[in-house]
Amino acid sequence: NSLSSTVSAPSQHNTTMSESADADTTKVNLVSKEGDSFEVSAEVAKMSELVKTMMDEDGDDDDDDDDDAVAEIPLPNVKASVLKKVIDFCEHHKAEPMTEIEKPLKSAVMSEVVQKWYADFVNVEQVLLFELILAANYMDIKPLLDLTCATVASMIKGKTPEEIRRTFNIANDFSPEEEAQVREENKWCEEA
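Quick caveat: nothing in here was measured; it's all calculated off a predicted structure.

Here's the deal with the pattern of salt bridges
When charged atoms on two side chains of opposite charge get close, those side chains can pair.
Part 1: All chains considered together, the criterion is met by 7 salt bridges.
Part 2: K142 serves as the salt-bridge partner of D146, at 2.7 Å between the closest nitrogen and oxygen. Separated by 4 residues within a single helix, D146 and K142 lie in helix α7 (residues 142-156), roughly one turn from each other.

Have a look at this one:
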């Protein structure tokens, strides 16, 4: 491809029509922990800063003539079921970007914070929600990390410590005396 090998001055961005079309059609395989492969557009894959960096590094050592090969990006920390959800998020985000999440949260109801699709997306079992947080953090996908963390924050918002323990199945390992001491030391928090 003679167009992509054309060198231009560093300060210029001379992208021809066929080069930008190539960027739209370039595919990459994201490979899960189990070895399952998911083919996605490079544009969607690059929502992940980790994948973007790996693709850029892979592109630097393009000495082979196999230009038609689809790059494989291993994601050993992400299970296939979680990666599928991450890809769904990224594809939807490209089509309909998520509303910026205001901090502090204005509501504990996610559909009042972001669009319905995103609120439904995080309406999942806690285990999957926490796996999505870990995947978003590992893959460095800021909008997904913001959404999943805001969802956990909405689950905590306005609840007592006991209600939070029940929500997240956390055992209370304080003795009554220790709990009273912590409450006394942090009384200023509750007064605010």
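With respect to the sheet that holds strand β3 (residues 71-74)
Part 1: Spatially, β2-β1-β3 is the arrangement adopted by the 3 strands of the open sheet, whose pairing is mixed. Looking along the sheet, the strands with just one partner apiece sit at the ends: β2 (37-41) and β3. Neighbouring strand axes in the sheet, compared pairwise and without regard to direction, differ in orientation by 30° on average.
Part 2: Pairing of strand β1 (residues 27-31) with β2 involves 5 bridges; the strand directions are antiparallel. Within β2, the residue paired with N29 across the bridge is E39.
Part 3: Lying on the sheet, helix α4 (residues 80-95) is in contact with β1 and β2; it crosses β2 at an angle near 10°.

Observations concerning the side chain of E179
Part 1: Note that E179 resides in helix α9 (residues 176-185).
Part 2: Classification of E179 as buried rests on a relative accessible area of 18%.
Part 3: In this structure, E179 is in contact with R165, N172 and F174, ignoring residues within four places of it in sequence.

A short note on the packing of aromatic side chains
Part 1: By the definition in use, this model includes 5 aromatic pairs.
Part 2: Between the aromatic rings of W117 and F121, the centroid separation amounts to 5.2 Å while the plane-to-plane angle is 20°, which identifies the pairing as stacked. Highlighted residues: W117 and F121, both in helix α5 (residues 116-121), separated by 4 residues, approximately one helical turn.
Part 3: When its relative accessible area of 5% is taken as the criterion, F121 is described as buried.
Part 4: Summarising the aromatic geometry, the rings of F130 and F168 are spaced 6.1 Å apart at their centres and angled 55° between planes, so their arrangement reads as tilted. Of this pair, F130 sits in helix α6 (residues 126-139) while F168 is found in helix α8 (residues 161-168), placing the two residues 38 residues apart along the sequence.
Part 5: The buried category is assigned to F168, whose relative accessible area is 15%.
Part 6: One aromatic cluster in this structure is built from F89, W117, Y118 and F121.

Thresholds, definitions, all that
Residues numbered from 1 in each chain as written. Predicted model: local features only at pLDDT ≥ 70, side-chain atom pairs only at ≥ 80, totals over all residues. Heavy atoms only, no water. Salt bridge = Lys/Arg side-chain N within 4 Å of Asp/Glu carboxyl O. Helix = DSSP H or I, 4+ residues; strand = E, 2+ residues; numbered from the N terminus. Pairing = 2+ DSSP bridges. Axes fitted to C-alpha atoms, helices over the stretch in contact; angles between N-to-C directions. Contact = heavy atoms within 4.5 Å. Buried < 20%, exposed > 50% of the residue type's maximum accessible area, 1.4 Å probe, protein only. Phe/Tyr/Trp six-rings, centres within 6.5 Å; stacked < 30°, edge-to-face > 60°.

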